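Remarks on the overall topology
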Amino acid sequence: MEMFIIGLTIFVLAIFVGFEIITKIPPTLHTPLMSGSNAISGITVVGAVLSAGSQHTMVTTTLGVLAVIFATINCVGGFMVTNRMLAMFKKKS
Amino acid sequence: MSALINIGYLVASVLFIIGLKGLTHPRTAVRGNLLGAVGMLLAVLLTLTNQRIISYEWIILGLIIGGAIGAALAIKIEMTSMPELVAVFNGFGGIASVLVAGAALLENTLGPEVPMMQLTIAIAASGLIGAVTFWGSLVAFGKLKGLIGDNAILFGGQQIINAALAAAVLALSCWVVIDPANGVAFWLLVGVASVLGVLLVIPVGGADMPVVVALLNSYSGLAAAATGFVLSNNVLIITGSLVGASGLILTQIMCKAMNRSLTNVLFGVLAPVGDGGPTADEVYGGKVKSTSPEEVAMLFETARRVCIIPGYGMAVSQAQHPVASLAALLESRGTTVEYGVHPVAGRMPGHMNVLLAEADVPYEALRDMDETNEDIDQVDIALVIGANDVVNPVARTDPNSAIAGMPIIDVDKAKTVVVIKRSLSPGFAGIPNPLFSLDNSLMLFGDGKKAVLDMIAALKDS
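1. Quick look at the overall build of chain A
Helix and strand counts for chain A come out as four helices and zero strands. Helices and strands appear in chain A in the N-to-C order α-α-α-α. Taken over C-alpha atoms, the radius of gyration comes to 17 Å for chain A, far larger than the 12 Å a tight globule of 93 residues would show. C-alpha extents for chain A along the principal axes are approximately 55 × 30 × 15 Å.

2. A closer look at the domain arrangement of chain B
Residues and elements named next belong to chain B. Each assigned domain of chain B is listed with its residue range as follows: domain 1 (1-76), domain 2 (79-266) and domain 3 (280-461). Here the C-alpha centre of domain 3 lies 37 Å away from the C-alpha centre of domain 2. Note on domain 2 versus domain 3: buried area summed over both sides is about 1700 Å², and carbon and sulfur give 72% of it. In terms of surface lost to domain 3, no three residues of domain 2 exceed M79, T80 and A257, which account for 31% of the buried area on that side. The interface formed by domain 2 and domain 3 includes zero salt bridges. At the level of elements, α4 (82-109), α8 (209-231) and α9 (234-258) are the ones that each hand at least two residues to the side of domain 2 that touches domain 3. Among the elements that take part in the side of domain 2 that touches domain 3, α9 stands out by supplying five residues, more than any other. Classifying every residue of the side of domain 2 that touches domain 3 by side-chain character gives 14 nonpolar, four polar and three charged.

Quick notes on the rules
- Residues numbered from 1 in each chain as written.
- Chains lettered and ligands numbered in written order.
- Predicted model: local features only at pLDDT ≥ 70, side-chain atom pairs only at ≥ 80, totals over all residues.
- Heavy atoms only, no water.
- Helix = DSSP H or I, 4+ residues; strand = E, 2+ residues; numbered from the N terminus.
- Rg over C-alpha atoms; globule rule 2.2 N^0.38 Å.
- Domains from an automatic or database assignment.
- Buried area = accessible area lost by both parts, 1.4 Å probe.
- Salt bridge = Lys/Arg side-chain N within 4 Å of Asp/Glu carboxyl O.
- Nonpolar A, V, L, I, M, F, W, Y, C, P; charged D, E, K, R; others polar.

Written out as structure tokens, the structure reads:
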């Protein structure tokens, strides 16, 4: 139970941090912010890697590997496309 | 060793926070994105040292396949298809959470001991939010891509069905918590949540898409946070809640730009159309002046200041490059050209900005709605390309209209308004736009891209 309460504390505090750091976003950055933060949410890959590697059963490994694939597409694709967009904004300034 | 890994995760979390903050300022955005990527790499490398991992080949294979697909998508995608890509990526984050939760449930019910309740609650939450995110995103993708109707799809009893599904989802979640060893409960929960995800996005129509895309972004964060509870992993909890919060802020900004509440957008109730509002014939009857590219080109010759107002129609006809060329041509003749961008123009937050940036439009020329409205009365020609509801003066003048109170770009106050549009058909709100029949308005009917190219040709000829 203690772990859960610690997790809950972190969860609530991090939401406040999220609200605080994202204050005024210029409209130009709405899309990159979205795709960039989306890439970060691919952090699920951490859990996926653990499931894929612990080899409990065939099924858990399969689920894990599929999760690794989806989460990695999310991360790699998200960061790269955000970078591509930001480069377009940058070259003129 | 585990302490070291956790400290490493803390570093990764800090990198995510700094990275996300960086993404909110133009000057630091590139660095912010890179810091996020570094944080991610660090988190993955640390996880690979975890002693629970027995074999690496499957992990490596998954990382290579996922990385290759992700990179290919990111490099190949057309900027006009950005909303679809963002929707799909959101969905993939969601499905990953479902799969991890499913695997964790199996792992924890293999032995004789019963898993703790907080674990099973987290597993149910992760499966539920993940499934809603995945299917909601797929429907959003289908709508954005035009595979399923772009319009709001409404049917009788929708709210009742949704409420019943929500109740079923809650009941199934309880079942998962009470009897975790029964795998059926979890996958049934995922199934029902999937239907709910589809039904939640189906009723949302095209012009409301920016809100939904931002909201699904928030969900994908919450799904990751729920997975963090499943694994008791702080970096997932922190990161997930950061993304959840940032998505929610964007959602709020989008709702505000339409003067609608989130529930109003989600449950598809634009004020009923046609009850007493003026009909198209009353508004347009004989008062609409049609013009030609040549005529507009002549107007441009004497204009000192031009403001271009892009809408979703510009994205559809892929007119951003011709528009930028037209602007460059006008500038070379000494005319000032600026762009007035409405926050919800297009199908995702910031959609127009991305397209114009792709066409090399300088950042300084892009002005937001408030800046544009400040001195729109000094603009000689307001050129509206493929926008409708976001420039409809009815929002300001008629308190009973479907879009009453929505902030708009006041193009009607410019000296001359030129509207490039295929026809007089109404925009998403389904109401006629009196702008088109104003004395200072000229309609240029036709495809956006072709119309702009014709204008360029006419300008060059003269």
